[in-house]
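Residue-level structural notes
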Amino acid sequence: MSSDITTSAYGRTSAGEAVELGGWELGLSADGSAFSVGQAAVDAIIAGHEGRGEVCTALTDDVLRLADVSEINDLLIALQGTAQNHYRNSASSLVPAVVEAAELHYDPVAGAILQKAGEQLAAMVIAVRDRLGFGETGIPVVLSGPVILSSTRVFQVAEMRVSQVEPRAKMIRSQRPPVVGALLLAFRHRANQATPGLLGRLSEWLALSSGTPAAADETGS
């Protein structure tokens, strides 16, 4: 599973049956994505600023600092002034500030945003599991993307929720960007070329390129 501007999940059984969920354009069905986390933070800051929501001081301060502005109005003007695609990227880039507010400054609003993101990611994993069904062996579940990389809390929430439904799941927090998994899947789809040796060499090359160790659980090799 990967979560960035959108969220997508891919599952495959040992028999080759596969299912893919999410991955829609324009931020549609982006539950648990970096975009949804950033958007939730902006919504919470506006609500607190206007007196119709909880004031989130730490979250507001961390987001303003990351955006390099001093006032909430300046943040909104900057966000509103971007094109749609750029806005999604701008909102997604706020994830580190949300994580800092929640995990370092204990802002309850930021914490609730990350809690919800973890639950949403878990729901997508469970949906893939329900679509496919699995045997009695352990099920490797790889989570990747900026939200997972940035937040231990999101991963822990997702891990707990998935384990409640599927105790056999082996949750893996990937240190690689989602594009790595996309490349591996592309090779797997070309069944006549995706030999274990090729997948292993590709994994090693990607690991060297990204500076992270190759992991068999992430490649299936």
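Since the structure is predicted, the reported quantities are computational estimates derived from the model, not experimental observations.

Next up on the list: the overall build of the protein chain. Secondary structure summary: the protein chain contains 11 helices and five strands in total. Counting all 221 residues of the protein chain, 43% fall into the buried class. Considering only contacts in the protein chain between residues 6 or more positions apart, those separated by 24 or more positions represent 68%. Carbon together with sulfur atoms contributes 54% to the accessible area of the protein chain, which is approximately 11500 Å² in total.

Residues Val-37, Leu-59, Val-98 and Leu-143 are the most contacted members of the largest nonpolar core, which totals 41 residues. Here this core gets eight residues from one element, more than from any other, and that element is helix 6 (residues 108-132). By size, the runner-up hydrophobic cluster in this structure holds six residues, among which are Val-19, Met-124, Val-128 and Leu-132.

For Asp-68, which is not glycine, the phi torsion reads 60° and is therefore positive. Within the secondary structure, Asp-68 is located in the loop between helix 2 (57-67) and helix 3 (72-80). Even without glycine at this site, Tyr-106 takes up a positive phi of about 55°. Note on placement: Tyr-106 falls in the loop between helix 5 (95-103) and helix 6. Since its relative accessible area comes to 67%, Tyr-106 is described here as exposed.

Okay, the confidence of the model for the protein chain next. Taken as a whole, the protein chain shows an average pLDDT of 79; of its residues, 68% reach a score of 70 or greater. Across the protein chain, helix 5 holds the top mean pLDDT of 96, while helix 11 (residues 216-219) sits lowest at 42. Across residues 210-221, confidence stays below pLDDT 50; counting only partners more than four residues off in sequence or on other chains, it has 29 contacts.

So, about the packing of helix 6 against helix 8 (residues 152-165). The packing of two helices is summarised by the inter-axis angle and the distance between the axes. Look at helix 6 against helix 8: their axes get within 8 Å of each other, and the N-to-C directions meet at 40°. Judged by the angle between their axes, helix 6 and helix 8 are oblique. Pair helix 6 / helix 8 crosses with right-handed handedness. On helix 8, the residues that touch Gly-111, Leu-114, Gln-115, Ala-117, Gly-118, Glu-119, Leu-121, Ala-122, Val-125, Ile-126 and Arg-129 of helix 6 are Arg-153, Val-154, Val-157, Ala-158, Arg-161, Val-162 and Val-165.

A few words on the side chain of Asp-62. Residue placement: Asp-62 occurs in helix 2. Among the residues examined, Asp-62 registers a relative accessible area of 3% and is labelled buried. A distance of 2.3 Å separates a polar atom in the side chain of Asp-62 from a polar atom in the side chain of Arg-65. Leaving out residues up to four positions away in the same chain, Asp-62 has contacts with Ala-97, Glu-100, Ala-101 and His-105.

Our focus in this paragraph is the pattern of salt bridges. Applying the stated criterion across every chain, the model contains seven salt bridges. In this structure, Arg-168 and Glu-166 form a salt bridge, with 2.6 Å as the shortest nitrogen-oxygen distance. Judged by relative accessible area, Arg-168 falls into the partly exposed class, the value being 27%. Shared partners join several salt bridges into a network, and the residues in it are Arg-129, Asp-130, Glu-166 and Arg-168.

Next up on the list: helix 8. An ideal rise of 1.5 Å per residue puts 20 Å on 14 residues; helix 8 measures up with 21 Å between its terminal C-alpha atoms. Turning to helix 8, its buried residues are Val-154, Phe-155, Val-157, Ala-158 and Val-162. The arc enclosing the buried residues of helix 8, seen along the axis, measures out at 165°, which places them on a common side. The elements touched by buried residues of helix 8 are helix 6, strand 4 (139-143), helix 7 (146-150) and strand 5 (169-173).

Attention now moves to the pairing of strand 2 (residues 7-12). Pairing of strand 2 with strand 3 (residues 18-22) involves five bridges; the strand directions are antiparallel. Looking at strand 3, one finds that Ser-8 is bridged to Gly-22. Connecting strand 2 to the antiparallel partner strand 3 that follows it, the hairpin turn spans five residues, and Gly-16 within it adopts a positive phi of roughly 100°.

Conventions we followed
- Residues numbered from 1 in each chain as written.
- Predicted model: local features only at pLDDT ≥ 70, side-chain atom pairs only at ≥ 80, totals over all residues.
- Heavy atoms only, no water.
- Helix = DSSP H or I, 4+ residues; strand = E, 2+ residues; numbered from the N terminus.
- Buried < 20%, exposed > 50% of the residue type's maximum accessible area, 1.4 Å probe, protein only.
- Contact = heavy atoms within 4.5 Å.
- Areas by Shrake-Rupley, 256 points an atom, 1.4 Å probe, with all protein chains shown as cover.
- Core = buried A, V, L, I, M, F, W, Y, C linked by side-chain atoms within 4.5 Å.
- pLDDT = per-residue confidence, 0-100.
- Axes fitted to C-alpha atoms, helices over the stretch in contact; angles between N-to-C directions.
- Parallel < 35°, antiparallel > 145°, perpendicular 65-115°, else oblique.
- Left-handed = near helix turned anticlockwise from the far one by under 90°.
- Polar contact = N/O pair within 3.5 Å; in protein donor to acceptor, adjacent residues only side chain to side chain.
- Salt bridge = Lys/Arg side-chain N within 4 Å of Asp/Glu carboxyl O.
- Expected span 1.5 Å × (residues − 1).
- Arc of directions from axis to C-beta.
- Pairing = 2+ DSSP bridges.

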